Amino acid sequence: MSLQVDSAATPEPKPGVLDISAYVPGSSGKAVAGRLFKLSSNETPLGASPKAIEAFRAAADHLQHYPDGAATALREAIGAKYGLNPARIVCGAGSDELIGLLCHAYLSPGDETLYSQHGFLMYKIATLASGGRPVVAPERGLTADVDAILAMVSERTRIVFLANPNNPTGTYLPYEEVQRLHAGLPGRVLLVIDAAYAEYVRRNDYSAGIDLVANARNVVMLRTFSKIHGLAALRLGWAYCPEAVADVLNRVRGPFNVSHPAMVAGIAALQDAAFTEAAVAHNERWLPWLSDRLAGLGLTVTPSVGNFILVGFPDADGRRAADADAFLISRGIYVRRMEAYGLASCLRITVGTEEANRLVVDTLAEFLGRTDG
């Protein structure tokens, strides 16, 4: 019996894939009059640690070798830094990969993930790519609402993602609220705390989630080297997990999913405490300064504990967020538009260098016709 070949047929992806709106990163932009200020991707304005750069360069002499597939030295360095068992740490190509691996490992077709209204876009993308169904819980005051999340848990819920602090709003849940969220979840539901901006938070009631992971069987904490450590180009992140979850992730991840240059740079970055402290100090100075100056222009500034702020614009008189963005671009300043997050009247602005911060304020004051910013 011969096979009938339909020459007009084309391969089709599995259900859900074509529902994905591809992630669009912050624009790198083009220089205007020789100047370019990229404030669109929450990158640190201090760059990477000189020690990390030195380690990365030294790794160039060994590019012919496969990396350690277990990322042993990196996991041990993370464990030493935070007092964690390295066996419960899984490293990945940024926390984005780890989000995808969690969905791939724990979602069957039709299973649900749950996250807050303005949560990180990768939660939806990873869910759909794994054949799952994303469910969105409303927020209160641009902040995750524990009661709203718990009210939407169903028999099909498998993962709850909580970005804490949240990107793009910059808001956070106190640790007591995170504990209350966990206590209200069934044991079969995995709570994933995405703490990409944890190092920037200076609030007594905040916790990145380490203690919760240490004492629970259904909590994972995600961290990244892309933000305060300035290693975004190397794609490096890690998860602290229960042993059973770490075992699952190690079964489904690629055998060499983290490169050797990324590992050695990450180890050096962890060991350069002075550089990290300088990045925190810079943010502590300029985050409130930038927030206060923009609020003084009559803009709505959402209180942030990260290294960025969400700024709302009046939707009238040609002073919309889109118009402000175009005006900033004309001066070589690139920030992030928020339509993809359902926040079309807002722009997200990263805390930059002193020059960049002052220029953003002056440029928006000009855009708004103000001179008192």
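What counts as what
- Residues numbered from 1 in each chain as written.
- Predicted model: local features only at pLDDT ≥ 70, side-chain atom pairs only at ≥ 80, totals over all residues.
- Heavy atoms only, no water.
- UniProt positions renumbered as here; feature names shortened; annotations may be inferred.
- Helix = DSSP H or I, 4+ residues; strand = E, 2+ residues; numbered from the N terminus.
- Buried < 20%, exposed > 50% of the residue type's maximum accessible area, 1.4 Å probe, protein only.
- Contact = heavy atoms within 4.5 Å.
- Areas by Shrake-Rupley, 256 points an atom, 1.4 Å probe, with all protein chains shown as cover.
- Domains from an automatic or database assignment.
- Buried area = accessible area lost by both parts, 1.4 Å probe.
- Salt bridge = Lys/Arg side-chain N within 4 Å of Asp/Glu carboxyl O.
- Polar contact = N/O pair within 3.5 Å; in protein donor to acceptor, adjacent residues only side chain to side chain.
- Pairing = 2+ DSSP bridges.
- Axes fitted to C-alpha atoms, helices over the stretch in contact; angles between N-to-C directions.

- As annotated in an unreviewed UniProt entry, the protein chain carries the name Histidinol-phosphate aminotransferase and comes from Tepidamorphus gemmatus.
- What UniProt records for the protein chain under Subunit (unreviewed entry) is the sentence "Homodimer."

### Focus: the overall build of the protein chain
Here's step 1: Assigned secondary structure in the protein chain consists of twelve helices and 13 strands.
Here's step 2: Based on the C-alpha atoms only, the size of the protein chain along its principal axes is roughly 75 × 55 × 50 Å.
Here's step 3: Considering the protein chain as a whole, with its 373 residues, one finds that 53% of them fall into the buried category.
Here's step 4: Contacts in the protein chain between residues at least 24 apart in sequence constitute 73% of all its contacts with a sequence separation of at least 6.
Here's step 5: A total accessible area of about 16,900 Å² is found for the protein chain, and carbon and sulfur atoms account for 53% of it.

### A short note on the domain arrangement of the protein chain
Here's step 1: Split by domain assignment, the protein chain resolves into domain 1 (23–47 + 274–368) and domain 2 (50–271).
Here's step 2: Using C-alpha coordinates to define each centre, domain 1 is positioned 26 Å away from domain 2.
Here's step 3: Each side of the interface is counted separately: domain 1 has 25 residues, and domain 2 has 27 residues.
Here's step 4: The junction of domain 1 with domain 2 conceals about 2,200 Å² of combined surface from both sides, 66% of it contributed by carbon and sulfur atoms.
Here's step 5: Viewed at the interface, domain 2 and domain 1 are joined by zero salt bridges.
Here's step 6: At the boundary of domain 1 with domain 2, the tally comes to six residue pairs in polar contact (both at pLDDT 80 or more).

### Considerations on the pattern of salt bridges
Here's step 1: For the structure on display, the rule yields 17 salt bridges.
Here's step 2: We note a salt bridge from Arg251 to Asp247, for which the minimum N-O separation is 2.8 Å. Of this pair, Arg251 and Asp247 both sit in helix H8 (residues 243–252), four residues apart, which is roughly one turn of that helix.
Here's step 3: Residue classification places Arg251 among the exposed positions, given a relative accessible area of 66%.
Here's step 4: The salt bridge partner of Arg320 is Asp323, with a shortest N-O separation of 3.0 Å.
Here's step 5: The exposure class of Arg320 is partly exposed, given its relative accessible area of 40%.
Here's step 6: One connected set of salt bridges, linked through shared partners, spans Asp111, Arg156 and Arg158.

### A look at the sheet that holds strand E13 (residues 346–350)
Here's step 1: Spatially, four strands are ordered E9-E10-E13-E12 in an open sheet, and the strand pairing comes out antiparallel. Lying at the two open borders of the sheet, with one neighbouring strand each, are strand E9 (300–302) and strand E12 (336–337).
Here's step 2: Bridge analysis of E9 against strand E10 (residues 308–312) gives three bridges, and the strand direction is antiparallel. Residue pairing across strands places Thr302 opposite Leu310, the latter belonging to E10.
Here's step 3: Sheet strands in contact with helix H10 (residues 273–296) are E9, E10 and E13, and its direction is about 10° off that of E10.
Here's step 4: Packed onto the sheet, helix H11 (residues 321–330) meets E12 and E13 and runs at close to 40° relative to E13.

### Concerning helix H4 (residues 121–129)
Here's step 1: For H4, the tally of buried residues reaches seven of nine residues, placing the bulk of the element in the interior.
Here's step 2: Within H4, burial applies to Leu121, Met122, Tyr123, Ile125, Ala126, Thr127 and Leu128.
Here's step 3: Buried residues in H4 make contact with helix H3 (94–106), strand E3 (112–116), strand E4 (133–137), strand E5 (157–163) and strand E6 (190–194).
Here's step 4: Phi for Gly131, located one or two positions after H4, is positive at around 85°.

### Examining the sheet that holds strand E8 (residues 237–240)
Here's step 1: Taken together, seven strands build an open sheet; the order of strands is E2-E8-E7-E6-E5-E3-E4 and the sheet is mixed. Sheet topology places strand E2 (89–92) and E4 at the edges, where each strand pairs with a single neighbour. Averaged over all pairs of adjacent strands, the angle between strand axes in this sheet comes to 20°, irrespective of strand direction.
Here's step 2: Pairing of E3 with E5 involves three bridges; the strand directions are parallel. For Leu114, the partnering residue across the bridge sits in E5 and is Val160.
Here's step 3: Lying over the sheet, helix H2 (residues 72–82) contacts E2, strand E7 (219–224) and E8, oriented at roughly 125° with respect to E2.

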